[in-house]
Every structure is written in C-alpha cells, then in structure tokens.
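# Geometric and topological summary
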Protein chains: 2
Amino acid sequence: MSGKKRLMTIKDIALQTGLSKGTVDRVLHNRGEVSKQSYEKVMRYIEESGYTPNVHASLLASGQSHRIAALLPNHEPGSFWELFQNGLDKAEENLHGLGLSILRFGYDQYDIDSFRAACDELLASAPDGVVTAPLFLNDTTVLARRLQEAGIPYVYIDSKLEDDGYMAYFGTARYQSGYLCGYLLADDRPVNQAVIVRIRRDKNRLSDPTVTRRAGFMDFMLEYAPDCRISNLFIDPNDPEDIRKELEAFFDAHPDVRHIAMFNSRIHLIVDFIERRGLQDQCRIIGFDNLASNVEALKRGTVTRLIAQRPAEQVVMAIQTLSDKILFKKDPVHRDHYLPMDILTRYNVDYY
Amino acid sequence: MSGKKRLMTIKDIALQTGLSKGTVDRVLHNRGEVSKQSYEKVMRYIEESGYTPNVHASLLASGQSHRIAALLPNHEPGSFWELFQNGLDKAEENLHGLGLSILRFGYDQYDIDSFRAACDELLASAPDGVVTAPLFLNDTTVLARRLQEAGIPYVYIDSKLEDDGYMAYFGTARYQSGYLCGYLLADDRPVNQAVIVRIRRDKNRLSDPTVTRRAGFMDFMLEYAPDCRISNLFIDPNDPEDIRKELEAFFDAHPDVRHIAMFNSRIHLIVDFIERRGLQDQCRIIGFDNLASNVEALKRGTVTRLIAQRPAEQVVMAIQTLSDKILFKKDPVHRDHYLPMDILTRYNVDYY
DNA sequence: TTGAATTCCGTGCACGGGCACGGAAAATAT
DNA sequence: ATATTTTCCGTGCCCGTGCACGGAATTCAA
C-alpha cells in the first residue's frame with residue numbers, strides 16, 4: 001500500500017561520508033564550523049545522490065506553528081472585498097494541520113487612520129508572512145518598508161506597488177481588462193453612443209483602480225469606433241435617489257444610448273433603473289466582478305457580461321506562495337502573476 | 001518569528017485525562033483495547049478542546065513515500081491530452097518533498113489493447129491512488145472494480161462513469177457547455193443557418209463526449225432560433241485533403257452560412273480553409289479547448305470564441321484531492337466538481 | 001613547553017505520533 | 001483457593017531533522 005523506496009536521509013549521508021549527522025546538518029544549512037574538505041565532500045555526495053530533506057521531519061523538529069497575516073478592508077456583505085474573504089476561508093482549510101494559521105486584520109477602506117492602526121496591530125503580532133491589497137498607497141509603502149526591515153515576506157493581491165521588496169503579486173491586468181470590456185461592449189457591431197457610469201469621488205487619497213481600465217477601454221473604442229460619443233455619468237453609490245435622478249436625467253437627454261459600462265464592481269447599482277425603464281432587452285451592459293447582486297442581474301439578463309478577476313483565487317495563491325516560503329523556503333518562480341479575466345454570461349456563471 | 005501558540009498534543013490529552021498517550025492513540029485510531037469509560041473520557045476531551053493531530057509528526061512516524069498513478073492517453077504535442085500533462089507537471093511540484101510521487105501510465109486512445117495493458121501495469125504497481133479519464137467505458141469500469149477491491153481511491157477527470165466507487169470527479173458540465181456554445185454563436189442576433197463540423201467516426205467503442213454538448217447546443221437553438229437550419233458536416237481529422245474537399249463542397253452548396261461550431265477540440269482543422277476562402281471576417285466560429293493551434297486562430301481573429309475547461313486544473317485538483325486522502329485521510333466535501341467553462345476571446349486568452 | 005584560544009565535529013535530546021511489547025488488573029474457569 | 005484467560009493500559013523505541021552542548025584536535029600566544 002505504501003512506498004517501498006525508502007528515501008535517503010541525513011544519516012545515510014553521514015554514513016557514506018564518514019562524518020556525523022551533525023556535520024551534515026551544518027553543511028545543509030550553511031551554518032559554518034565545517035572544514036572546507038568536509039563541506040565539499042558532503043556537498044558532492046548530496047549533488048550526485050539527489051538528496052531531498054524530509055519536509056515532515058524538518059517541520060516537526062524546527063517549527064512551531066507559523067502565522068500569516070491578511071490585511072484587507074472590512075467586508076460588508078455583498079461587497080467586493082467579501083470575495084477575498086472567501087479565499088481566506090478556503091486557504092485556511094488547506095493550512096489546517098500544517099501548523100499554519102491566518103490572522104485577519106481589517107480596516108475601513110475610507111478611513112486612513114483605521115488602516116494605520118491595523119498596520120501597527122499587524123506588525124505587533126509579528127507574523128511570518130503578510131498578504132495585503134494596497135489601497136492607501138503611501139501608507140502601504142511605509143508598511144512594506146517596515147516588513148522588509150523585519151525580514152517578513154509579503155505578497156500583494158488585487159493591485160501592487162512598485163517597491164522592490166514584495167515577494168509576489170496576484171491580480172489581473174487592468175488595462176487589458178478595460179480593453180476587453182470595450183470588445184465585449186461593442187461586440188463586432190457599430191456603436192455610436194456609449195456611457196460610462198462612474199463613482200463621484202471626493203478627492204481622497206485612495207488609489208483609483210478604474211483609471212487604468214478606463215484607459216484600456218478608451219483605447220479600444222478609439223481604434224474600433226473612433227466616432228463613438230462616450231459620455232461620463234457620475235453617481236453617488238450611497239444615495240439611491242441620486243442614482244435614479246442622474247440616470248433619469250441622462251437617459252432623458254440621450255434616449256438612444258444602448259451601451260453601458262462600469263469599471264468598478266458596482267454595476268448592480270444601475271440595474272434597478274434600467275429594469276424600471278424597461279431598457280434591459282435593448283441595452284448592452286458590461287460590468288466587473290461577480291458580486292452576488294451583479295450575478296443576479298446577469299442571470300436575469302439585465303447585465304450582459306461580467307468580467308471577473310478571481311478574487312478568491314488570488315488570495316489562495318498568495319497564501320500558498322507564502323506557506324511555500326515559510327515552510328519549505330521555496331521562492332516563487334515568477335513574481336507577478338496576472339490571473340485570467342473571466343467572462344461571465346448567464347449561461348456559465350453558475351460554474352464559477 | 002514563529003508561533004507562541006503551541007498546539008495541543010497527544011501528550012496533553014493524556015495528561016488531562018489521566019491516561020497514557022498509548023491509550024489516547026488507541027482511541028484516536030479506533031484500535032480497540034480501550035475501556036468504554038476511558039474511550040469516552042478521551043473523546044469528550046478531544047471534542048471540547050478541538051484537538052487536531054500534527055500531520056507532520058503523523059506522517060513522519062507512519063509513512064514512507066506514497067505514489068499516485070495517472071492513467072491518461074498519450075499526449076501528442078499540441079493535442080488535447082497534452083493540456084492534462086501540464087497539470088501533472090504542476091501537481092508534481094507541490095508534491096515534491098511531501099513523500100508523494102506520480103506514476104504516469106500512457107496508452108493509445110484508439111487502441112483498446114494498449115489501454116488494457118496500461119491498466120495491468122498500473123495495478124501491478126500498487127499505487128496509493130489513481131486519477132484517470134474514462135475513455136473506454138467498459139474497460140474503465142473493470143479497472144474501477146479492481147481498484148475498489150484493492151481499496152485504492154480513484155478520481156475521474158474530464159468525464160466520469162456512474163459507478164459508485166469513485167472518490168471525486170473534476171470536469172465540466174457537458175450539456176451546459178453546448179448550450180453556452182449556442183449562446184455565443186448566436187449572440188443575440190438572428191441566425192438562419194449554421195453548420196456543425198463533426199469528426200467522421202468509425203463505430204469504435206470510445207465514448208463520444210460531444211453528443212451531450214450537441215444536445216445542449218440544439219436545445220438552445222431550438223429555443224432561441226427555432227427556424228435556424230443546422231447542417232452537419234463530417235470530416236476526417238487525419239486527412240487534410242478530405243477536410244478541404246468537404247468544406248469546399250459544403251460552402252459551395254451553402255454560400256450564406258456564417259455560423260460554425262465544433263464540439264471537440266479540433267476547431268483548428270478548419271481555419272485554414274476559412275482563411276483561404278476569406279471568410280474569417282464574416283464568420284462567427286466557436287470552438288472548444290485552448291490548444292496552441294486553437295489559440296493562434298483565436299488571436300488571429302478567425303475563431304471568434306473558445307470555450308475552455310481548465311484541463312490542467314482538473315488534474316491539479318484531482319491530485320490534490322488524492323493526496324489529501326492519502327496523507328491526511330481527508331475526504332472531499334463534494335464528489336462531483338464542475339469546473340468553470342471559460343470563455344476565451346483574443347483579448348483575454350493571454351492570461352489563461 | 002604549557003596554557004589559552006580557535007576550529008571543527010560528534011553526541012544526544014527534542015519535536016509529536018505510531019505501534020509493539022509486556023505487564024497489571026479484572027474476569028472467568030478449575 | 002489458585003490457575004488461566006481476557007481486558008485494558010503504560011512504557012519505550014522509532015521515524016528524520018534541528019540544534020545545543022561539550023569535547024577533541026589544532027593553532028596561536030607566552
């Protein structure tokens with residue numbers, strides 16, 4: 001039922017080289033206090049015998065439980081960040097029993113002080129690895145520097161900073177996702193008018209992930225439908241009445257617009273209006289991210305396509321990368337990982 | 001750097017219950033020779049303390065290296081089955097050092113004798129788990145029975161048999177993928193004529209994975225475009241001349257057909273003809289699976305959409321499931337796993 | 001030449017759990 | 001009552017690696 005092939009051990013190496021396992025161990029871990037000839041004898045034997053240390057024994061002997069910290073915005077139910085929490089849950093399952101646990105640190109994504117507090121908490125907990133999504137650019141840079149100083153590996157998800165110390169990044173290609181959005185919106189048909197619905201922002205210090213998408217979108221349209229008139233419509237996500245009024249005003253003024261795109265995860269905010277006005281069968285509407293409310297609208301047919309970016313998978317892969325590093329000292333082959341942009345329709349969304 | 005929180009051990013349980021670790025161990029493994037009251041005392045304590053055995057210690061003490069067998073058709077370069085081999089390679093990385101290895105058994109998918117020989121080889125190697133894609137239905141059933149008798153867990157990928165013994169299945173929903181194919185082909189536009197390109201088969205004993213897809217496709221068309229005339233065109237995949245002739249004859253007879261679908265992975269077989277005839281900009285062509293040659297045609301714009309079914313991921317997840325079972329005795333929560341049907345366009349295919 | 005510092009290396013315990021062995025206590029037989 | 005079986009349980013070694021400790025061999029200083 002189990003393997004006949006007993007793997008090579010440190011003791012075997014010791015026997016073969018005429019040294020003790022203590023010495024072999026010092027060689028394996030570059031811990032010095034070994035003569036040059038002993039060092040080379042061991043190294044040579046290891047090379048040609050292809051010895052691999054037994055992970056279980058190693059972990060058992062050296063490790064207690066390690067901890068990975070996740071620093072993400074608080075996840076209101078049905079929000080974008082909740083999708084990431086699902087990934088955390090899934091990742092935790094796999095870690096269970098490997099002596100790894102996850103510490104979660106949350107903050108209010110609109111309150112920079114709460115973010116700073118969370119950073120302090122995180123550092124105080126002295127984790128063995130960190131996964132985070134950079135929202136506050138400056139303060140995340142500060143955090144990154146402090147993590148580097150402490151020698152704690154950290155992984156970015158969703159978006160990344162260009163500091164030089166992060167171990168890996170998992171996310172999607174922003175520009176290309178906007179380009180794709182244009183492709184799906186136009187869909188090989190002529191488009192004369194389109195509208196982009198945007199969030200009205202007070203100039204806070206948050207990075208705006210949609211600018212790059214918008215750029216990709218505009219470039220596609222420039223190339224494919226240079227004469228298309230593209231309007232920008234601003235709404236307040238927290239004020240349904242404002243949303244209704246803005247949309248109403250817009251569609252009264254532009255009754256022929258049949259193409260709508262939104263570059264954040266809030267496409268669900270406009271479906272109510274669309275359905276009430278009876279536009280759902282005539283409009284082509286593209287949004288991002290598979291929030292429950294977005295998916296509902298997609299299945300009803302009001303939203304035409306959703307572009308999703310595998311948030312849970314980002315988290316799972318990030319944690320996987322960290323645990324490889326922490327437990328097995330394995331470094332990732334690539335640093336930047338651009339995950340697929342999934343195209344969701346009403347007929348395949350159930351399988352995501 | 002590492003955890004303060006020392007996890008609970010068997011010794012702790014022994015101390016708390018006033019028994020020895022030997023007894024606790026007997027309880028944990030249902031090995032009998034324990035009085036009812038001792039058994040319950042231990043069980044109760046375990047319940048309320050949430051004890052989890054240390055996987056590493058357990059594996060170190062009990063296990064040598066285990067092996068997982070993969071039984072798949074030989075993978076000619078650029079073929080459908082090569083995508084699965086990529087998954088095997090990826091899975092092998094993760095297993096390295098966990099005391100798990102993969103044994104690969106190949107066979108000629110058109111030669112049932114080679115399949116039988118591979119089965120015998122596989123069984124002779126006495127693996128701890130098996131992953132396979134059922135092509136020869138009857139003979140896979142035989143294999144399944146023999147594996148059950150030997151107590152070896154096995155996982156299906158790509159498609160599954162309805163025997164009761166498999167541990168898990170990873171694949172896509174066939175019918176729905178065909179339905180989706182129809183949706184993408186019609187794409188909210190009226191369709192009067194369409195053609196399905198099929199492989200001319202001699203009646204061999206292979207299961208035909210495309211029948212179910214075809215059913216889904218037809219049902220979609222029936223609902224959405226009941227008046228559409230759908231032709232079936234048969235080609236010999238190994239005879240380029242035959243392909244050319246058949247297509248030519250068809251399009252001479254039906255010059256207005258602009259919608260083409262193919263339910264196997266061979267859509268690349270027809271792109272040559274399409275491009276030579278200059279139809280690429282007028283046709284809507286939907287195919288399956290991201291073979292290199294298919295992806296090329298997609299990026300050139302000849303193929304409109306590809307529906308892919310994550311073959312590598314199927315393998316990775318199957319092996320993951322098996323190793324969880326073998327190493328940690330963890331059973332999968334669900335048995336059947338329907339993976340997403342990815343919609344590939346020229347603008348997102350690079351990220352898969 | 002002797003003592004001290006340095007370099008190098010072997011021994012042995014620990015990690016947490018699996019499991020064989022043997023022995024004490026209880027139950028049954030004689 | 002003792003002998004014999006059965007039931008139950010504790011002890012101790014093993015898995016392969018990490019690492020502290022102490023000691024031998026060598027070098028250097030005096």
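Residues numbered from 1 in each chain as written. Chains lettered and ligands numbered in written order. Predicted model: local features only at pLDDT ≥ 70, side-chain atom pairs only at ≥ 80, totals over all residues. Heavy atoms only, no water.

What follows covers the packing of helix H1 (residues 10–17) of chain A against helix H2 (residues 21–28) of chain A. Residue and element names in this part refer to chain A. One way to put it is that H1 packs onto H2 with a least axis distance of 8 Å and a crossing angle of 110 degrees. If you check the angle between H1 and H2, you find them roughly perpendicular. In this structure, H1 contributes Ile10, Ile13 and Ala14 to the contact, and H2 contributes Lys21, Val24, Asp25 and Leu28. For the contact of H1 with H2, the per-class residue count stands at five nonpolar, no polar and two charged. (Axes fitted to C-alpha atoms, helices over the stretch in contact; angles between N-to-C directions. Helix = DSSP H or I, 4+ residues; strand = E, 2+ residues; numbered from the N terminus. Parallel < 35°, antiparallel > 145°, perpendicular 65-115°, else oblique. Contact = heavy atoms within 4.5 Å. Nonpolar A, V, L, I, M, F, W, Y, C, P; charged D, E, K, R; others polar.)

As a further point, take the pattern of salt bridges. Residues and elements named next belong to chain A. By the definition in use, this model includes 52 salt bridges over all chains. Between aspartate 252 and arginine 277 there is a salt bridge; the shortest N-O distance is 2.9 Å. Of the two residues, aspartate 252 sits in helix H10 (residues 240–253) while arginine 277 sits in the loop between helix H11 (268–276) and strand S9 (284–288), which places them 25 residues apart along the sequence. Assessed through its relative accessible area of 34%, arginine 277 is described here as partly exposed. (Salt bridge = Lys/Arg side-chain N within 4 Å of Asp/Glu carboxyl O. Buried < 20%, exposed > 50% of the residue type's maximum accessible area, 1.4 Å probe, protein only.)

Next up on the list: the nonpolar core. Counting residues in each nonpolar core, the largest one holds 53 residues, and the members touching the most others are Leu71, Leu122, Val131, Leu147, Ile157 and Ile319 of chain A. In terms of nonpolar packing, the next biggest core, distinct from the first, is built from 52 residues, Leu88, Ile102, Leu135 and Leu327 of chain B among them. (Core = buried A, V, L, I, M, F, W, Y, C linked by side-chain atoms within 4.5 Å.)

Taken together, 27 residues form the shell around DNA strand D, and within it Ile10, Lys21 and Tyr51 of chain A together with Ser20 and Ser38 of chain B come nearest. Taking all atoms of DNA strand D within 4 Å of the protein, the share assigned to sugar and phosphate is 61%. Here a phosphate oxygen of DNA strand D and a backbone polar atom of isoleucine 10 of chain A are 2.6 Å apart. Listing elements by their share of the surface near DNA strand D, those giving two or more residues are H2 and helix H4 (55–62) of chain A together with helix H2 (21–28) and helix H4 (55–62) of chain B. Of the residues contributing to the surface near DNA strand D, the split by class is nine nonpolar, 11 polar and seven charged. (Near = heavy atom within 4 Å. Polar contact = N/O pair within 3.5 Å; in protein donor to acceptor, adjacent residues only side chain to side chain.)

Next up on the list: the pairing of strand S5 (residues 168–171) of chain A. Residue and element names in this part refer to chain A. The two faces of S5 match: Ala168 and Phe170 on one face and Tyr169 and Gly171 on the other face are all buried. Bridge count for strand S4 (residues 154–158) against S5 is four bridges, and the pairing is parallel. Each bridged residue has a counterpart across the sheet, and for tyrosine 156 the counterpart in S5 is tyrosine 169. Relative to strand S11 (residues 336–338), S5 is paired through three bridges, and the arrangement is parallel. Bridge pairing in S11 places tyrosine 169 opposite aspartate 336. (Pairing = 2+ DSSP bridges.)

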